[in-house]
Every structure is written in C-alpha cells, then in structure tokens.
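# Survey of secondary and tertiary structure
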Amino acid sequence: MKTQNSVQLIGYLGQDPEIRTAVNGSRLARFTVATDYFRRLKDGTVVKKVTWHRILAWDFLAEKVPGNFIKGSHVMVKGEIRHRRFKNKAGEIKSITEVRASELLNLDR
C-alpha cells in the first residue's frame, strides 16, 4: 500500500513572512499560520483553541510571498510535514515540526 505525507491548512498568518537567501542562492520564506477549533467544556462553555504551524516555502513559492502575504492574511497552505532536530547555542537538542509548502493561496483575494 502506498503512503502519503500531505497536509492542507487554512488559517491566518501570525506575522509578516521572513524572506532569506540561502548560501546556494535559493530563496526561503518562513512564516507561521494559526488554525483554531472550538471545544465545549462539561459546564457548557465554549473554549477556542489555537494551533500554530511553522511554514517553509522555497524558491518559486518564496518569490510570490512578499507583497501577497502579510500578517493577518487568510491563507491556504498545502505541503508535507517535516520533522527535524538541531542543537541550539546552549548545546541542547531541539526538535521542531514544519510544513514544507508545495502550494500557497491567499484567500483574501
């Protein structure tokens, strides 16, 4: 049976994207997207829960981010989930989960 690593998120940008150029000349756009859901507690009150997702967009996708995506934009992101580990400056091993975007769409337009 085949497997698939695919995710689609619809949410809001948490901050203006950070655009960088890698050593090899590739462009990188990094930003976060907030998604939310509502949960009803036993006493009947409704609580809003927010999840933040780290998004990476490379090359041609990174080129379309400046000007089209700003803080608060309603966006759709399709891509694959990536996990990575690294050592921080204190020597501690950190683990993060990111979405490597394959498709970006600004839903405000």
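As the structure is a computational prediction, the values presented were derived from the model and not from experiment.

## So, the overall build of the chain
- For the chain, the count of helices and strands is one helix and six strands.
- The order of α-helices and β-strands along the chain, N terminus first, is β-β-β-β-α-β-β.
- For the chain, the spread of C-alpha atoms along the three principal axes comes to 55 × 40 × 40 Å.
- Sorting the 109 residues of the chain into buried and exposed places 30% on the buried side.
- By sequence separation, contacts in the chain at least 24 residues apart represent 57% of the contacts at least 6 residues apart.
- Working note: accessible area of the chain is about 8000 Å², and carbon and sulfur atoms make up 50% of it.
- Of the charged side chains in the chain, 21 are positive and 11 negative; the average position of the first set lies 5 Å away from that of the second.

## Notes on the pairing of strand β4 (residues 46–58)
- Bridge count between strand β3 (residues 27–40) and β4: 13 bridges; the pairing is antiparallel. Bridge assignment links F38 to a residue of β4, and that residue is K48.
- What sits between the antiparallel neighbours β3 and β4 is a turn of five residues, in which G44 has the positive phi angle 95°.
- Direction of pairing for β4 relative to strand β6 (residues 93–106): parallel, over a ladder of three bridges. Directly across from I55, in β6, lies its bridge partner V99.

Rules and cut-offs
Residues numbered from 1 in each chain as written. Predicted model: local features only at pLDDT ≥ 70, side-chain atom pairs only at ≥ 80, totals over all residues. Heavy atoms only, no water. Helix = DSSP H or I, 4+ residues; strand = E, 2+ residues; numbered from the N terminus. Buried < 20%, exposed > 50% of the residue type's maximum accessible area, 1.4 Å probe, protein only. Contact = heavy atoms within 4.5 Å. Areas by Shrake-Rupley, 256 points an atom, 1.4 Å probe, with all protein chains shown as cover. Lys, Arg positive; Asp, Glu negative; His and termini not counted. Charge placed at Lys NZ, Arg CZ, Asp CG, Glu CD. Pairing = 2+ DSSP bridges.

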